[in-house]
Amino acid sequence: MSDAIVSARGIRKSFQVGDRKLEVLHGVSLEVGRGELVGVMGASGAGKSTLIQILGLLEQPTEGEVTFQGQSAWKVSVAERAALRNSGIGFVFQFYHLLPELTAVENVVLPAMIGSSMGAWRAARRENLQRAEETLARFGLKDRLKHRPAQLSGGERQRVAIARALFLDPPLLIADEPTGNLDSATGEKVLELLLTEREERGLSMLLVTHDERLAARCQRVVTMDDGKIQGDVRTAARAAAR
Ligand SMILES: Nc1ncnc2c1ncn2[C@@H]1O[C@H](COP(=O)(O)OP(=O)(O)OP(=O)(O)O)[C@@H](O)[C@H]1O
Ligand SMILES: [Mg+2]
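Before going into details, it helps to say that this report is about the structure given with it. What you see is a predicted model; the values in this text were computed from it and never measured.

## Observations concerning the site of ligand 1
- Taken together, 14 residues lie near ligand 1, and S44, G45, K48, S49 and T50 sit nearest.
- S49 has a polar side-chain atom sitting 2.8 Å from an oxygen atom of ligand 1.
- Burial of ligand 1 by the protein amounts to 60% of the accessible area it has alone, namely 640 Å².
- Every element with two or more residues in the shell around ligand 1 is listed here: β1 (4-17), β2 (20-33) and α1 (48-55).
- Sort the elements by how many residues they give to the shell around ligand 1 and α1 lands first, with 3 residues.
- In the shell around ligand 1, the residues fall into 6 nonpolar, 6 polar and 2 charged.

## Some details on the packing of aromatic side chains
- Inspection of every chain in the model, using the stated rule, returns 1 aromatic pair.
- Relative to F93, the ring of F91 lies with its centre 5.8 Å away and its plane at 10 degrees, an arrangement referred to as stacked.
- Over the ring of F167 we find R131, and its NZ or CZ is 3.9 Å from the ring centre.

## Section: the nonpolar core
- In this structure, V108, L136, V160, I162, L173 and M205 are the most contacted members of the largest nonpolar core, which totals 40 residues.
- Elements represented by at least two residues in this core include exactly β3 (37-42), α3 (104-115), α4 (118-138), α5 (154-166), β7 (172-176), α6 (184-201), β8 (204-208) and α7 (212-215).
- With residues near it in sequence (within four places) discarded, V108 still touches A132, L136, V160, A163, R164 and F167.
- In this structure, A46, V66, A73 and L172 belong to the second largest nonpolar core, which totals 30 residues.

The rules we used
Residue numbers here run from 1 along each chain, matching the order of that chain's written sequence. For this description, chains carry letters from A and ligands carry numbers from 1, given in the order in which they are written. Totals for whole chains, interfaces and linings use every residue, but because this is a predicted model, local features are given only for residues with pLDDT of at least 70 and side-chain atom pairs only at 80 or more, for both listing and counting. Derived side-chain values reflect all non-hydrogen atoms in the structure, with water molecules and hydrogen atoms excluded from consideration. If a single non-hydrogen atom of a residue is within 4 Å of a molecule or strand, that residue counts as near it. By the criterion applied in these results, polar contacts are pairs of N or O atoms within 3.5 Å in which, for protein atoms, one can donate a hydrogen and the other can accept it, and in which residues neighboring in sequence qualify only through two side-chain atoms. Only the protein chains shown count as cover for residues, and all accessible areas are computed by the Shrake-Rupley method using a 1.4 Å probe. Counting from the N terminus, the helices are DSSP H or I runs at least four residues long and the strands are E runs at least two residues long. The classification used treats Ala, Val, Leu, Ile, Met, Phe, Trp, Tyr, Cys and Pro as nonpolar, Asp, Glu, Lys and Arg as charged, and all other residues, Gly among them, as polar. Only Phe, Tyr and Trp rings are paired, with Trp represented by its six-membered ring, and only when their centres lie within 6.5 Å; those with planes under 30 degrees apart are stacked, over 60 edge-to-face, the remainder tilted. By definition, being over a ring means that NZ of Lys or CZ of Arg is both within 6 Å of the ring centre and within 35 degrees of the ring normal. Working definition of a nonpolar core: buried Ala, Val, Leu, Ile, Met, Phe, Trp, Tyr and Cys residues. They are joined through side-chain atoms within 4.5 Å. Three labels apply to residues, based on accessible area from a 1.4 Å probe with only protein chains included: buried if under 20% of the type maximum, exposed if over 50%, partly exposed otherwise in between. It only takes one pair of heavy atoms within 4.5 Å for two residues to be counted as in contact.

Keep in mind these numbers describe shape, not what the thing actually does.
Spelled out as structure tokens, the structure:
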């Protein structure tokens with residue numbers, strides 16, 4: 001059996017734009033090993049977000065196969081795929097994607113709420129809320145639990161988003177320019193938080209970034225150009241991790 005947490009083979013992705021079909025991924029194959037930290041770099045428009053959304057089972061490839069934890073992700077039912085994604089993959093986006101009408105704590109428990117029946121959610125509600133509060137406190141947000149996203153700073157919003165992404169302890173974390181919208185000092189702190197959590201939990205992680213220094217901290221860096229993988233390099237950080 002393969003040691004990959006997620007693997008994509010021969011991926012093509014086209015979008016219909018008006019009466020034209022625009023192909024943005026032209027046959028991409030990529031595997032992420034268990035516990036591996038992989039950086040994804042490349043110019044704007046190269047297809048990085050499209051690729052990681054496919055690896056994160058958010059987008060269906062036009063051609064090719066995606067296997068998550070040994071299961072062919074698009075051969076299972078919609079419900080099975082949603083369950084796979086909800087408990088298996090945590091997402092962190094540049095613009096947070098928090099639900100504006102929910103408080104910080106409510107946003108964090110969302111994956112548990114989505115993943116369980118009404119009865120199961122009611123039974124575990126108190127415990128889940130407590131665990132979310134503990135995580136937020138650990139992330140420095142003890143006094144922001146009931147704030148709504150609009151009442152939080154960018155760095156605080158991203159911490160809430162990270163707590164949400166980690167809430168069900170998924171084996172894979174996917175982050176698309178998680179510090180892209182933050183000033184450098186705030187971004188640095190958010191990044192340290194992400195990398196520390198990843199290391200403590202032994203997570204696999206795919207991280208899209210434009211930051212060379214950050215990429216140097218990944219164990220492997222995949223470079224994309226015009227819808228193809230142009231480079232796939234094991235970095236010094238991998239040697240150090242051994
Ligand atoms: N839903 C869509 N419909 C049509 N075209 C799309 C769609 N999503 C992405 N594209 C196009 O696909 C190409 C790759 O987009 P993608 O968002 O993957 O790039 P990226 O590498 O993440 O860029 P950036 O660094 O700016 O985030 C772009 O040219 C974009 O315009
Ligand atoms: Mg992008």
